[in-house]
Amino acid sequence: MGVCFSYGNKLIQRTAGRLNSVSNIAIIGSGTMGIGIGIDLLNKTAYNITFIDISDAALKRAKEDIKAYFTGMVAGGRLYEGHLKETLGRVTYAKDFAALKNAEIIWEVATERIEIKKSIFGQIEKSADPGKLLFVFSNTSSHTTAELAELFNDAFLREKFLTGHGYFPFHANRLFDVMKGKYASEDTFLTGIAFAEQILEKKVIALRKDHHGYIADPIFEGMGAIISWDVKTGQDIVELPQVFAALTANPFQVLDLTGHMPYTESAKHLGSNLPEHDRLKGVYTFENRRYPQWIEDLEKSKRTGINSPEKTGFFKWEGKKNREKPVKVYDPQTKDYVDIGPVNADDFWSVSEARSLDYRQSTIQSIDGLIGIANSEDKGGHTFRRYVVPIMLYALDLIQDGYGTPADINVSTKVGLRFKFGLCEIIDGFLDHFGIDGLLNLARRAGVENPDRSGFFDVDGLTGPRKGKPSLLHTMKKKGWSKLLGYGRVYGTPVSQRNFKTGEMDIYYNDLRFVLPTKRDRVASIIFDNPLRGNVWNKYTLDQLDHALGVCMNLYEQGDLGGILFAASGTGMRMLGADARQFNKGWFDARAGYKFLGEEEAAYFTKAGMRLFRFIQECPVWTVGAFGEKWGGGAEFTYFLNQRFDLILHGVEFDTLKRENVYKEKNNYNQPEIEYAILGGFGAVQELNRLGFGESLTDELFMQGLTARRAYQLGLSNYISESEYELLEKAYETVRLKQKNAVPYSMALYNLQKKNAYNEGIDDDRLVRETGETFNPAKNPYISTGLLRLLNMGGKNPPVDLTPRGELPGWKDNYNSLFDD
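Residues numbered from 1 in each chain as written. Predicted model: local features only at pLDDT ≥ 70, side-chain atom pairs only at ≥ 80, totals over all residues. Heavy atoms only, no water.

Strand order in the open sheet formed by six strands is 15-16-17-18-20-25, and the pairing between neighbours is mixed. The strands lining the two open edges of the sheet, one partner per strand, are strand 15 (512–515) and strand 25 (719–721). Across the sheet, the mean angle separating the axes of adjacent strands is 15° when strand polarity is ignored. Pairing analysis gives six bridges linking strand 16 (residues 523–528) to strand 17 (residues 563–568), with the strands arranged parallel. Bridging from a neighbouring strand, Ala524 pairs with Ile564 of strand 17. Across the sheet, helix 21 (residues 539–557) is in contact with strand 15, strand 16 and strand 17; its angle to strand 15 comes to roughly 10°. (Pairing = 2+ DSSP bridges. Helix = DSSP H or I, 4+ residues; strand = E, 2+ residues; numbered from the N terminus. Axes fitted to C-alpha atoms, helices over the stretch in contact; angles between N-to-C directions. Contact = heavy atoms within 4.5 Å.)

Sheet architecture is open: three strands sit in the order 12-13-14, paired in antiparallel fashion. Edge strands, defined here as strands with exactly one partner in the open sheet, are strand 12 (485–487) and strand 14 (505–507). In this sheet, neighbouring strand axes are inclined to one another by 40° on average, regardless of whether the strands run parallel or antiparallel. One ladder, built from three bridges, connects strand 12 with strand 13 (residues 494–498); its direction is antiparallel. Paired with Leu485 across the bridge in strand 13 is Gln497. Together, strand 12 and strand 13 form the strand contacts of helix 19 (residues 423–449), whose direction differs from that of strand 12 by roughly 80°. Packed on one face of the sheet, helix 21 meets strand 13 and strand 14 and runs near 60° to strand 13.

What follows concerns the pairing of strand 10 (residues 325–331). The side chains of a regular strand alternate between both faces of the sheet. In this sheet, strand 10 lies alongside strand 9 (residues 315–318) in antiparallel orientation, the contact comprising four bridges. Pairing of Trp317 across the sheet is with Pro326, part of strand 10. Looking at chain direction, strand 10 and strand 11 (residues 336–339) are connected through four bridges and run antiparallel. Bridging across to strand 11, Lys328 finds its partner in Asp339. Between the end of strand 10 and the start of strand 11, which pair antiparallel, lie four residues, with Lys335 showing a positive phi angle near 55°.

Let us look at a nonpolar patch on the surface. A contiguous nonpolar patch, built from Tyr676, Ile678 and Leu679 and spanning about 380 Å² of accessible area, is present on the exposed surface. Residue position: Tyr676 is located in the loop between strand 23 (667–670) and helix 24 (684–690). (Patch = residues over 30% accessible without salt bridge, like charges linked within 9 Å, V, L, I, M, F, W, Y side chains within 5 Å. Areas by Shrake-Rupley, 256 points an atom, 1.4 Å probe, with all protein chains shown as cover. Salt bridge = Lys/Arg side-chain N within 4 Å of Asp/Glu carboxyl O.)

Moving on, we come to the packing of aromatic side chains. One pass over the full model with this rule turns up 47 aromatic pairs. Taking the centre distance of 5.2 Å and the plane angle of 70° together, the rings of Phe528 and Trp537 count as edge-to-face. Look at Phe528 and you get buried, because its relative accessible area is 1%. Centre to centre, the rings of Phe566 and Phe637 are 5.1 Å apart; their planes meet at 85°, and the pair counts as edge-to-face. (Phe/Tyr/Trp six-rings, centres within 6.5 Å; stacked < 30°, edge-to-face > 60°. Buried < 20%, exposed > 50% of the residue type's maximum accessible area, 1.4 Å probe, protein only.)

Mapped onto the secondary structure, Asp506 falls in strand 14. Asp506 sits in the partly exposed class, given a relative accessible area of 29%. Sequence-wise, Asp506 and Gly486 are 20 residues apart; in three dimensions their C-alpha atoms are separated by 8.9 Å. Setting aside residues no more than four positions away along its own chain, Asp506 makes contact with Val495, Ser496, Gln497 and Asn499.

With respect to the helices and strands, Ile114 occurs in helix 5 (residues 114–127). Among the residues examined, Ile114 registers a relative accessible area of 34% and is labelled partly exposed. Expressed as a C-alpha distance, the spacing of Ile114 and Glu147, which sit 33 residues apart in the sequence, is 9.4 Å.

Another point: helix 16 (residues 367–374). Counting buried residues in helix 16 gives six out of eight residues, a clear majority hidden from the surface. Among all positions of helix 16, only Ile367, Gly369, Leu370, Ile371, Ile373 and Ala374 are buried. Buried residues belonging to helix 16 abut helix 11 (242–245), helix 15 (349–361), helix 17 (379–400) and helix 19.

Mapped onto the secondary structure, Glu673 falls in the loop between strand 23 and helix 24. Here Glu673 sits buried without a salt bridge, and the closest side chain of opposite charge, Lys630, lies 13 Å off (N-O distance). The residues touching Glu673, leaving out its near neighbours within four places in the chain, are Gly632, Gly633, Glu636, Ile678, Leu679, Gly680 and Phe702. (Lys, Arg positive; Asp, Glu negative; His and termini not counted.)

All right, on to the packing of helix 18 (residues 406–416) against helix 19 then. With their axes 6 Å apart at the nearest point, helix 18 and helix 19 run at an angle of 110° to one another. What the angle tells us is that helix 18 and helix 19 run roughly perpendicular. Of the residues in helix 19, those touching helix 18 at Pro406, Ile409, Asn410, Thr413 and Lys414 are Leu423, Cys424 and Glu425. (Parallel < 35°, antiparallel > 145°, perpendicular 65-115°, else oblique.)

Counted under the stated rule, the structure contains 58 salt bridges. Across the pair Glu186 and Arg208 runs a salt bridge whose closest N-O atoms are separated by 2.6 Å. Placement of the pair is Glu186 in helix 8 (residues 186–199) and Arg208 in the loop between strand 8 (203–207) and helix 9 (216–228), with a sequence separation of 22 residues. Residue classification places Glu186 among the partly exposed positions, given a relative accessible area of 36%. With its nearest N and O atoms 3.3 Å apart, the salt bridge here joins Lys414 to Glu425. Remark: Glu425 occurs in helix 19 and Lys414 occurs in helix 18; sequence separation between them is 11 residues. Comparing Lys414 with Glu425, the two get one shared label, buried. The structure contains a network of salt bridges with shared partners spanning Arg279, Asp397, Asp401, Arg466 and Lys469.

Here it is in structure tokens:
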């Protein structure tokens with residue numbers, strides 16, 4: 001959001017204030033990652049950014065790329081032309097480290113080479129002002145936080161140091177790692193997490209325990225390394241990685257896009273420094289080398305990916321900038337580029353069959369398809385067992401060794417590495433199909449097939465680096481745990497994870513953030529948290545919202561919750577409607593066009609959403625939504641809440657009369673469904689009518705949209721602000737104050753009266769009956785203490801017990817049976 005808000009979390013209240021006052025950040029290194037970070041920060045913050053690099057050419061490229069990016073935004077109508085100069089003016093470029101003197105955050109993204117990092121860290125010690133510094137990030141793919149912190153002589157800088165690691169392309173990849181290590185203070189760690197989560201708007205993997213490469217990097221680098229030793233021809237680079245392309249993408253193509261240096265430097269470091277019990281250490285130590293000779297040949301010839309002078313790496317690339325395609329592949333035998341040949345269908349028939357299965361079932365990279373490959377006897381099956389099974393076992397090792405949780409593994413692979421299904425979802429799918437014994441036997445079978453790598457497949461603690469450490473699968477079998485993750489009841493997508501320390505199922509949401517209420521505040525916060533997708537409604541969001549409501553209801557029944565704040569992450573706090581792909585059968589292909597999902601499946605989306613929204617509307621807790629731009633279902637959701645707080649927004653829009661882009665106040669409420677041949681499927685028309693909108697005002701919303709000021713004027717919005725922080729602060733405080741005396745009986749009766757008044761109209765007899773019942777302690781167990789606050793106003797009265805008791809008017813917590821049919 002460009003601002004940090006605590007949502008009642010006392011641990012980060014002080015941190016939030018300090019982060020919101022930051023104005024200067026220094027980025028050391030102006031390569032691909034540094035440029036991406038700079039662009040992202042310019043888009044999301046008002047920071048002044050200083051790039052520091054010893055290379056004139058690198059600084060020149062950074063300046064040109066950043067100018068080209070924002071000039072393109074102006075041309076595309078995403079940035080007002082009058083703001084271009086101001087945006088570019090917030091960036092300075094320097095070779096002298098003295099430019100660090102004003103930095104409140106320093107972010108090193110220069111290199112993986114430890115000797116260069118040591119020199120840079122010495123310059124930080126010499127030039128940074130400790131009185132201004134919040135923290136220092138280092139973007140590393142292989143080093144631990146402790147290793148790098150020890151490059152500082154100053155204990156203060158060690159306390160302020162974290163590794164913070166983003167993924168390519170930085171502005172379009174949500175994953176971000178923050179690793180604490182043994183030197184950083186708790187305050188520094190929490191500040192780094194809050195910065196990444198709320199300022200950068202990332203999905204954060206927060207690791208207290210040092211691990212080389214966090215979670216995602218050793219998995220991804222392992223994917224490339226484990227194949228690299230078997231590559232003999234160019235066609236091997238095309239065919240062997242197919243099994244990983246069935247999960248996400250060919251790792252060699254990805255490495256060409258990111259550049260080879262982080263991979264080769266990481267391989268050197270990992271081969272030397274990974275602990276002996278690391279299952280994949282062997283892929284960096286074959287033949288006493290860190291990577292094969294053919295990759296070294298590419299590096300020496302400066303053929304290191306798409307940004308090399310010839311646009312060559314593992315592949316040769318052609319096309320316009322940022323739209324390049326691989327046209328040839330490197331052949332290690334001839335050390336030249338050759339045509340990309342067709343895949344041998346006879347050798348890899350199982351991979352083709354998996355694609356055909358996906359086509360028939362209208363899925364993509366399905367787990368069923370992967371299981372088919374894993375079980376086959378063709379080359380596809382053998383390569384899957386040789387390459388993918390060790391990666392699956394490695395994920396289980398990371399959990400077993402306490403480096404990460406099932407959620408960490410799943411987020412890292414699904415969000416960061418772009419797996420269609422996260423690695424723990426895939427493992428769960430295999431467990432569901434094979435059972436624990438069956439998956440153990442699949443690994444043993446792979447070990448027999450690959451005697452040259454038998455240690456990679458050991459699951460019984462008998463040999464190799466995991467000797468004496470039987471696989472986590474044995475623990476699961478002993479405990480009777482059949483899966484790593486828990487799945488939602490609406491669409492069956494992940495909503496929880498196994499805690500291997502407590503045995504309990506903990507919250508795990510990819511698309512929401514959930515902040516538990518404090519005992520004092522009794523306010524839970526549910527933040528829609530996928531800003532890159534516009535916080536859309538889809539099957540994942542519905543499953544996670546449903547699960548979060550279940551957690552809220554448990555807290556409510558214990559008397560620990562009286563209100564919920566809903567908000568959206570991302571600049572402008574945007575909330576879009578239903579994901580259009582939700583209604584297309586299978587993966588959308590523009591060439592094939594729209595494929596009808598079927599009436600029953602399409603209708604189920606509205607059915608599920610309306611049940612959840614109506615449940616929120618009728619449950620006896622206060623609800624407030626704080627949002628910015630809302631479209632379709634994003635706007636409709638807020639109609640079910642008690643109050644709506646709106647961010648006043650400005651942006652570029654095309655004026656059809658002036659025939660030019662203008663900078664103006666934007667609409668907060670938009671219902672564009674008619675333009676797309678669809679409908680307001682989450683009840684826009686009926687809910688607006690319930691909220692007092694007549695036909696004319698409903699027409700205005702559907703035809704023109706409503707700005708925050710207009711919505712406030714009409715009574716649809718209850719509070720407006722131009723500040724995201726102020727909006728959240730006011731919304732949270734409103735819920736906090738109201739929940740303090742939100743007596744369950746009266747809250748339930750209030751909701752019932754609203755419902756009856758709208759559906760049935762005025763009924764004085766009903767009101768008479770409700771009054772008598774309300775003052776009867778046998779029916780309203782709260783009246784004795786609640787009324788004392790009026791009868792003995794100013795006196796010392798016992799607190800009202802806000803735990804739900806007795807029969808509440810018109811309300812029965814039917815959450816558990818909400819989807820029984």
